[in-house]
Amino acid sequence: MPMLNEAFDFIKLYYTENNLPIDQLEKRLEEVERDIMEYGHYTHTSDELAYGAKVAWRNSNKCIGRLFWQSLQVKDQRAITDEETIYEKLLEHIEFATNNGKIRPTISIFEPEKVRIWNHQLIRYAGYEQEDGSVIGDSDSLTFTKKCIELGWQGEGSQFDVLPLVIQIEDRQPRLFNIPQEYVKEVTLLHPEFDWFAELHLKWYAVPMISSMKLEVGGIAYAAAPFNGWYMGTEIGARNLADEYRYNQLPVVAEKMGLNMSSSSSLWQDRALVELNTAVLYSFKEDGVSIVDHHTAAQQFKRFEANEESANRDVTGNWTWLIPPLSPATTHIFRKPYDNTKKSPIYSYQKAPY
């Protein structure tokens, strides 16, 4: 029975890594087996759930920030099954995690198989496709923005409209909730040397709170389990704002810098990319918002690897995600192979509910 095997593996891991008494482990295994055989499922204790969420971060092959896996703040929200209260708890998550800029890694876990949050991230910008095919805002949000509009939402049509939260319980009609502006901390992007950078009117939200992935612990899937750390600067400066299919700001920055854009051999893209990332890091730090540069993140990952080796655990990883999108060859990760085997507990992708 797959759930029973996965449950046993996790419960043993939990008791072993936390040095809990063997007699308690045996008793807990008996309880779990009885529940699964009788009801087809079992229920994690709050401590088991919290540890499972932390280990899932430790097992996240695509994440370079795993050094801090033990610091994850876990909010057990499984008792809640009405949309209004879930909305209130999501606002609490946003406020707690943002912490006036001193970001706290946080996860809120809701009832498995019953609750879905339609958003990719709790805070995310809308995208509007124009008649000529161009996009205002974030093109990565086009489909979800259309769904929100179908559900009755109306944005301002700007480059940085914050999308509403969409919450669904079981097969009920999904419900829309706007996020009050005071909950959304945003950073206006400036450059330490280029005064003209302010004329670009760029900004980004402070905290990346992923809400589209599921948390799998011991055979149980929590479809609604939004979590966050803090940004690595390149996520914003080398992807969100730089990718052609996103905000595509490299040509804009290069033109303002007066770079020769007639040939790629001038490395105008590289030079613009560095300055865009410089602006992101500078602005977040000036605003007192937690962020990490990719060099520091790589060194932190090196410490994580050493910690895991000391604990006699193998480090798995997805190399294509672990290398930063800016100057990857300057990090030790670039020259090191990684085993991409997926281990449980785990955060994994799930099909969008729309």
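Structure: above.
Residues numbered from 1 in each chain as written. Predicted model: local features only at pLDDT ≥ 70, side-chain atom pairs only at ≥ 80, totals over all residues. Heavy atoms only, no water.

### Some words on the sheet that holds strand S1 (residues 73-77)
Hydrogen bonds along the backbone pair up the strands of a sheet, which may run parallel or antiparallel.
Here is step 1: Pairing in this open sheet of 4 strands is mixed, and the strands run S1-S2-S13-S10 from one edge to the other. Two strands lie at the open edges of the sheet, namely S1 and strand S10 (209-210), each paired on one side alone.
Here is step 2: When strand S2 (residues 106-110) meets strand S13 (residues 227-228), the two strands line up antiparallel, connected through 2 bridges. Note on S13: the bridge partner recorded for Ile-107 is Phe-227.
Here is step 3: Packed on one face of the sheet, helix H3 (residues 46-58) meets S1 and S2 and runs near 130° to S1.
Here is step 4: Contacts from helix H4 (residues 83-98) reach S1, S2, S10 and S13, with the element oriented near 170° to S2. (Pairing = 2+ DSSP bridges. Helix = DSSP H or I, 4+ residues; strand = E, 2+ residues; numbered from the N terminus. Contact = heavy atoms within 4.5 Å. Axes fitted to C-alpha atoms, helices over the stretch in contact; angles between N-to-C directions.)

### Side note on the pairing of S1
Here is step 1: Relative to S2, S1 runs parallel, the two being bridged by 5 bridges. Each bridged residue has a counterpart across the sheet, and for Gln-77 the counterpart in S2 is Phe-110.
Here is step 2: Running through H4, the crossover from S1 to the neighbouring parallel element S2 is right-handed. (Right-handed = clockwise from strand over helix to strand, strands pointing away.)

### Observations concerning the sheet that holds strand S7 (residues 175-177)
Here is step 1: One open sheet holds the 3 strands; their spatial order is S3-S6-S7, and the pairing between them is antiparallel. The two strands at the open ends of the sheet, each matched to only one other strand, are strand S3 (115-117) and S7. Averaged over all pairs of adjacent strands, the angle between strand axes in this sheet comes to 25°, irrespective of strand direction.
Here is step 2: When strand S6 (residues 165-169) meets S7, the two strands line up antiparallel, connected through 3 bridges.

### A look at the packing of helix H7 (residues 250-257) against helix H8 (residues 268-286)
Here is step 1: Contact pair H7 / H8: the axes reach a minimum separation of 9 Å and the direction vectors enclose 95°. The orientation of H7 relative to H8 falls into the category roughly perpendicular. Along its contact with H7, which presents Leu-250, Pro-251, Val-253, Ala-254 and Met-257, the element H8 presents Trp-268, Gln-269, Arg-271, Ala-272, Leu-273, Glu-275 and Leu-276.
Here is step 2: Grouping the constituent residues of the contact of H7 with H8 by class yields 9 nonpolar, 1 polar and 2 charged. (Parallel < 35°, antiparallel > 145°, perpendicular 65-115°, else oblique. Nonpolar A, V, L, I, M, F, W, Y, C, P; charged D, E, K, R; others polar.)

### Observations concerning the packing of aromatic side chains
Here is step 1: On inspection of all chains with the given rule, the structure shows 22 aromatic pairs.
Here is step 2: Between the aromatic rings of Trp-204 and Tyr-247, the centroid separation amounts to 5.6 Å while the plane-to-plane angle is 85°, which identifies the pairing as edge-to-face. Taken together, the positions of Trp-204 in strand S9 (residues 203-205) and Tyr-247 in the loop between helix H6 (233-240) and H7 put the pair 43 residues apart, joining distant regions of the chain.
Here is step 3: By relative accessible area, which is 0% here, Trp-204 ends up buried.
Here is step 4: Taking the relative accessible area as the measure of exposure, Tyr-247 reaches 6% and is therefore buried.
Here is step 5: Chaining the aromatic ring pairs together yields one cluster made of Tyr-125, Phe-160, Trp-204, Tyr-205, Tyr-231, Tyr-247 and Phe-284. (Phe/Tyr/Trp six-rings, centres within 6.5 Å; stacked < 30°, edge-to-face > 60°. Buried < 20%, exposed > 50% of the residue type's maximum accessible area, 1.4 Å probe, protein only.)

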